[in-house]
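Listed below are the residues making up each chain.
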Amino acid sequence: MSDSKIVNGLSVDVEDWFQVGAFETTIARHDWDGLELRVGDNVARILDLFDRSGVKATFFTLGWVAERNKAAMRAIVERGHELASHGYDHTRVFTFSPAEFAEDLAKARAILEDAGGQAITGYRAPSFSIDARNPWAHEVLAEQGYTYSSSVAPVVHDHYGWREAPRFAFNPVVDSELVEIPVTTAILRGKRLAAGGGGFFRVLPYGFSRWAIGQVNREGRPAVFYFHPWEIDPDQPRVAGAPLRSRLRHYTNLAKMADKLSVLLGDFAWDRMDALAEREKPFSLEWAA
Ligand SMILES: [Zn+2]
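What comes next concerns the included structure. Everything quoted here is computed from the prediction, not taken from an experiment. Per chain, the residues get numbers from 1 upward, laid out in the order the sequence is written. Owing to the predicted nature of the model, reporting of local features is limited to residues with pLDDT of at least 70; listing and counting of side-chain atom pairs is limited to 80 or more, with chain, interface and lining totals taken over all residues. To obtain the side-chain values, all non-hydrogen atoms of the structure were used and water was disregarded.

1. Some remarks on the packing of aromatic side chains
Note on aromatic contacts: the rings of Phe and Tyr and the six-membered ring of Trp form a pair at centre separations within 6.5 Å, being stacked when their planes are under 30 degrees apart, edge-to-face when over 60 apart, and tilted otherwise. Scanning all chains against the criterion turns up 21 aromatic pairs. Here the aromatic cluster, defined as three or more aromatic residues joined through ring pairs, consists of Phe50, Phe59, Phe201, Tyr206, Phe225, Phe227, Phe268 and Trp270. For the cation-ring pair, Lys107 lies above Tyr88, with the distance from its terminal atom to the ring centre recorded as 3.7 Å. Two conditions define a charge located above a ring, namely a distance within 6 Å from the ring centre to NZ of Lys or CZ of Arg, and an angle within 35 degrees of the ring normal. Over the ring of Phe94 we find Arg133; its NZ or CZ atom is 3.6 Å from the centre of that ring.

And the structure:
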């Protein structure tokens, strides 16, 4: 294992194949109930993969998914992982008013706590949708007693990003313990690159991710990595009407993903996000927008 002293954060954003941001203009929310549910089986495969690698992780899960996959939610908790919130139905946070966001958080939390039987203390915004448009979102999370959030991508990307935000743990709300742990960026020629997973991990050669996570660990800090259950499912239905760019990004290298993940899990040290948040507290910057 390289850089074995630094323990990184491992996370899964639990949503089904038809709930991704890239398809939201193609598949309407009111059509979701007619579609094949595959996320439960994919979570089961991920749990086996994590057991084989001996790692624990955080599953940021949609309330909509938890309502329909209670056995998978119980399995996540029983096998030693953290169940956390990804909101109810993947609505991006900057489209909510503060009151609507509070309502979405409360709804998802009630479902997740019922399904998993444990308190929910962590949150990840759908599509990293806390940025310069809605810094109030962290105040809402603090009011609801969340201990940490991992909802900021401190980078510019075509779908998301908060360029000015710190790259590592920060306290976004004055007089609150809430820690924001941004998804990982690496520095190349002075520029921040998104390097925390998702399409980047799946589409680019593994060497890019190994370099990026290694660089962050050599800075003395933990990386935060994420992927989705649909990314290990090469047999998922194909969405015909979606834009070509979305389809290319979504369907590339699905069959290679599980093996690639196994290598990543063996090359670095990993833990749940709540454990990472606890370790990062003393190093958190005060940074309120
Ligand atoms: Zn998501």
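2. Remarks on the pairing of strand 2 (residues 58-61)
Judged by which residues are buried, strand 2 turns out to be covered on both faces: Thr58 and Phe60 on one side and Phe59 and Thr61 on the other are all buried. Where strand 1 (residues 7-14) and strand 2 come together, four bridges link them in parallel fashion. Bridge pairing in strand 2 links Asp13 to Phe60. Once you follow strand 1 into helix 1 (residues 39-53) and on to strand 2, the crossover reads as right-handed. By definition, two strands form a pair when at least two bridges between them are found by DSSP. Strands here mean DSSP runs of E at least two residues long; helices mean DSSP runs of H or I at least four residues long; both are numbered from the N terminus. Note: strand 2 against strand 3 (residues 82-85), four bridges, orientation parallel. Its bridge partner lying in strand 3, Thr58 is registered against Glu82. Note on exposure labels: buried denotes an accessible area under 20% of the residue type's maximum, exposed denotes more than 50%, and partly exposed covers the range between, all computed with a 1.4 Å probe on protein chains only. By convention, orient the strands away from the viewer: a clockwise path from the first strand over the helix to the second makes the crossover right-handed.

3. What to know about the coordination of the zinc ion
In this analysis a donor is any N, O or S atom within 2.8 Å of a metal ion (3.2 Å for sodium, potassium and calcium), and since water is not included, sites may seem incomplete. Protein coordination at the zinc ion: the donors are Glu15 (OE), His86 (NE2) and His90 (NE2), at 2.1 Å from the metal. Sequence spacing of the donors to the zinc ion: E-x70-H-x3-H. Here His90 lies in the loop between strand 3 and helix 4 (98-116) and Glu15 lies in the loop between strand 1 and helix 1, a separation of 75 residues in the sequence. Here the two residues Glu15 and His90 agree in accessibility, since each one is buried.

4. Focus on the nonpolar core
Residues grouped as a nonpolar core are buried Ala, Val, Leu, Ile, Met, Phe, Trp, Tyr and Cys residues, joined through side-chain atoms within 4.5 Å. Formed by 69 residues in total, the largest nonpolar core has its most connected members in Phe50 and Phe59. Ignoring any residue separated from it by four or fewer positions in sequence, one finds Phe50 in contact with Leu10, Val12, Val55, Ala57, Phe59, His81, Phe227 and Leu265. Counting residues in each nonpolar core, the second largest holds ten residues, with Phe60, Ala84, Val224 and Met273 among its members. Note on contacts: a residue pair is in contact if any heavy atoms of the two residues lie within 4.5 Å.

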